[in-house]
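Examining the three-dimensional arrangement
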Amino acid sequence: MKVAGSVRVPGDKSITHRVLLFGALTRGTSHIGGALTSLDARSTARVLRQLGAELSPLRPGVPVTVQGKGKLRRPDGPLFCGNSGTTARLLLGLLSAHRFTATLTGDRSLRRRPMRRVTVPLASMGARFTERDGDGLPLTVRGDRLRPLRYEMPVSSAQIKSAILLAGMAGEVDVALREPHGRSRDHTERLLRAFGYGVAEENGWIHFTPGGHLEPFDVQVPGDPSSAAFLVGAATLAEAGELLISAVGVNPTRTGFLDVLGRMGAAVQLENQGDRFGEPVGDLVVRPASLRGTEVAAGEIPGLIDEIPLLAALASRASGTTTFRQVGELRVKESDRLGLIAENLRAVGAEAEVVGDDLVVEGSDRVPRGKVRTAADHRLAMAFAVLGSVPGARIAIDDMSCAAVSFPGFSETLRTISPRARAASGARSRA
Ligand code: S3P
């Protein structure tokens, strides 16, 4: 199988959510180029409209205009966040500083995801929450005047960190936060700094101080490194050729997967580095390579949390063992990703095991064949579609349509870069 071409990936999901939220809070019109238009991004746009902002429709290739009113308004009905944990958790932070009541809910996957990790610290700042079914959505928030917070987070998570920082911004109070292992993505911190808020880092603590001012902005969202990762994986598994992925976000809190792939022997070069609104971007040039197993340490996990399904799929093609340490957080992603990565790798003939909170994958050159159950988790579907691109593979994926949560057009893009992927990702997908 040969890989070829030059592609762009859709806009960064994390940055798109954040710039839409910031745009909705400014007074005036912001223009967002390159925004992600996936289902998750549309969930954020939809709830922001319910909260009084005016947003143009999210269409590929068309800049989004966001007309904010300075504050959010009481919504008429429940805020449906779809599959998007980022939408739900970041909004809970913002709504904590707005004095009205709002109820958030989501799809089946999102309703089972834990929310106390944000509501506990937000409640200690002064917001009130009413749970309907225990630790999850639906959840009603009533915002209030907030108190400053100093908080040691129980898990490293950009969603928890951002919810609290956004509460600090909207409520104009100081916040100090510490993450336990490694650093999660810092897009919120970069945006806050761009608007003049104080965000200082010292001895592992992030100190936020109010005093900034949101103004309408024009921004170009970089390509999503988490989407690019799947194409990097496909190009690495190819037998020949070269793939260029242009204008990808390469914020160091997002590129942990490139460090791990480098250790595994992958051939990825970063070229044409630049900067967009405080976010580093660059082109990735990928050539096929033989991989070897590695150990991924607990401190590296927050920097590649969304790439573990792909890395695990690649590890099943490497020589030797790959161990991902302390990846229990994967149990509360869009699916129980930890269990499903191992189960599906075994289903296609690979060896994988969950040992405590570690994931251990044995590499081999056995041709992967079998049926994959995604539980509608976009990243599982895409990781196994990439594995299905190896010569001779026959992998039937129960649901490829869920890729649209973060990467609209994924299957077509994979087919464009590696014609052999046609059988794998196109085969038994259910629309
Ligand atoms: C995200 C943070 C991550 C990631 C998710 C997006 C964000 O979650 O898994 O896809 O935009 O803040 P955690 O930081 O909660 O692990």
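Residues numbered from 1 in each chain as written. Predicted model: local features only at pLDDT ≥ 70, side-chain atom pairs only at ≥ 80, totals over all residues. Heavy atoms only, no water.

**Describing the site of the ligand**
Taken together, Lys-13, Ser-14, Arg-18, Thr-86, Ser-157, Ala-158, Gln-159, Arg-185, Ile-305, Asp-306, Lys-333 and Arg-379 make up the full set of residues adjacent to the ligand. Residue Arg-18 places a side-chain N or O atom 2.6 Å away from an oxygen atom belonging to the ligand. Asp-306 places a polar side-chain atom, nitrogen or oxygen, 2.6 Å from an oxygen atom of the ligand. Those elements that place two or more of their residues in the shell around the ligand are helix 1 (13-25) and helix 6 (158-171). (Near = heavy atom within 4 Å. Polar contact = N/O pair within 3.5 Å; in protein donor to acceptor, adjacent residues only side chain to side chain. Helix = DSSP H or I, 4+ residues; strand = E, 2+ residues; numbered from the N terminus.)

**Observations concerning the environment of Gly-328**
Within the element layout of this structure, Gly-328 appears in the loop between strand 18 (321-324) and helix 11 (337-347). Gly-328 gets classed as buried once you look at its relative accessible area, which sits at 18%. Residues Gly-328 and Ala-200, 128 residues apart in the sequence, show an inter-C-alpha distance of 29 Å. (Buried < 20%, exposed > 50% of the residue type's maximum accessible area, 1.4 Å probe, protein only.)

**Section: the nonpolar core**
Of all hydrophobic cores here, the largest spans 71 residues; its most connected members are Ile-245, Ile-308, Phe-324, Leu-345, Leu-359 and Phe-410. Leave out the neighbours within four places in its chain, and Phe-410 touches Phe-230, Met-382, Ala-385, Val-386, Met-400 and Ala-403. (Core = buried A, V, L, I, M, F, W, Y, C linked by side-chain atoms within 4.5 Å. Contact = heavy atoms within 4.5 Å.)

**Points about the packing of aromatic side chains**
Following the criterion strictly, the structure yields seven aromatic pairs and no others. With a centroid separation of 5.3 Å and an interplanar angle of 70 degrees, the aromatic rings of Phe-407 and Phe-410 are classed as edge-to-face. With relative accessibility at 1%, the residue Phe-407 sits in the buried group. An aromatic cluster is built from Phe-22, Phe-195, Phe-217 and Phe-277, whose rings are joined through pairwise contacts. Across the ring face of Trp-205, the terminal group of Arg-150 is positioned such that the distance to the ring centre comes to 4.0 Å. (Phe/Tyr/Trp six-rings, centres within 6.5 Å; stacked < 30°, edge-to-face > 60°. Lys NZ or Arg CZ within 6 Å of the ring centre and 35° of its normal.)

**A look at the pairing of strand 15 (residues 267-276)**
Bridge count for strand 15 against strand 16 (residues 279-287) is eight bridges, and the pairing is antiparallel. Note that in strand 16 the partner of Leu-270 across the bridge is Leu-284. Between the antiparallel neighbours strand 15 and strand 16 lie two residues, among them Phe-277 with a positive phi of about 55 degrees. (Pairing = 2+ DSSP bridges.)

**Some words on the pattern of salt bridges**
Taken as a whole and judged by the stated rule, the model has 26 salt bridges. In this structure, the salt-bridge partner of Asp-306 is Arg-379, at a minimum N-O distance of 3.5 Å. Of the two residues, Asp-306 sits in the loop between strand 17 (295-296) and helix 10 (308-315) while Arg-379 sits in helix 12 (residues 378-387), which places them 73 residues apart along the sequence. Residue classification places Asp-306 among the buried positions, given a relative accessible area of 10%. For Arg-379, a relative accessible area of 3% translates into the label buried. Where Asp-358 meets Arg-325, a salt bridge forms, and the shortest distance between an N and an O atom there is 2.6 Å. (Salt bridge = Lys/Arg side-chain N within 4 Å of Asp/Glu carboxyl O.)

**Focus on the sheet that holds strand 18**
Taking strand neighbours across the sheet as the criterion, the four strands line up as 17-18-20-19 in an open arrangement whose pairing is mixed. Either end of the sheet is taken by a strand with one partner, and the two such strands are strand 17 and strand 19 (351-355). With five bridges joining them, strand 19 and strand 20 (residues 358-362) adopt antiparallel strand pairing. Pairing of Ala-352 across the sheet is with Val-361, part of strand 20.

**With respect to the side chain of Ser-96**
Looking at where Ser-96 falls in the secondary structure, it is placed in the loop between helix 3 (85-95) and strand 6 (101-105). When sequence neighbours within four positions are dropped, the list of residues in contact with Ser-96 reads Leu-122, Ala-127, Phe-129, Val-141, Gly-143, Asp-144, Leu-146 and Ala-167.

**Section: helix 7 (residues 187-194)**
Within helix 7 the residues assigned to the buried category are His-187, Thr-188, Glu-189, Leu-191 and Leu-192. The inward-facing, buried residues of helix 7 abut helix 1, helix 6, strand 11 (198-202), strand 12 (205-209) and strand 16. Count one or two residues on from helix 7 and you reach Gly-196, which has phi positive near 90 degrees.

**Comments concerning helix 1**
In this model helix 1 runs 19 Å from its N-terminal to its C-terminal C-alpha over 13 residues, within 8% of the 18 Å that 1.5 Å per residue would give. When you tally the buried positions in helix 1, you get 13 out of 13 residues, the bulk of the element. The N-cap residue of helix 1 is Asp-12: its side-chain oxygen and the backbone nitrogen of Ser-14 are 2.9 Å apart. (Expected span 1.5 Å × (residues − 1).)

**Looking at a positive patch on the surface**
Together, Lys-71, Arg-74, Arg-99, Arg-142 and Arg-145 make up a positively charged patch on the protein surface. Mapped onto the elements of the fold, Arg-74 is located in the loop between strand 4 (64-69) and strand 5 (79-80). (Patch = residues over 30% accessible without salt bridge, like charges linked within 9 Å, V, L, I, M, F, W, Y side chains within 5 Å. Areas by Shrake-Rupley, 256 points an atom, 1.4 Å probe, with all protein chains shown as cover. Lys, Arg positive; Asp, Glu negative; His and termini not counted. Charge placed at Lys NZ, Arg CZ, Asp CG, Glu CD.)

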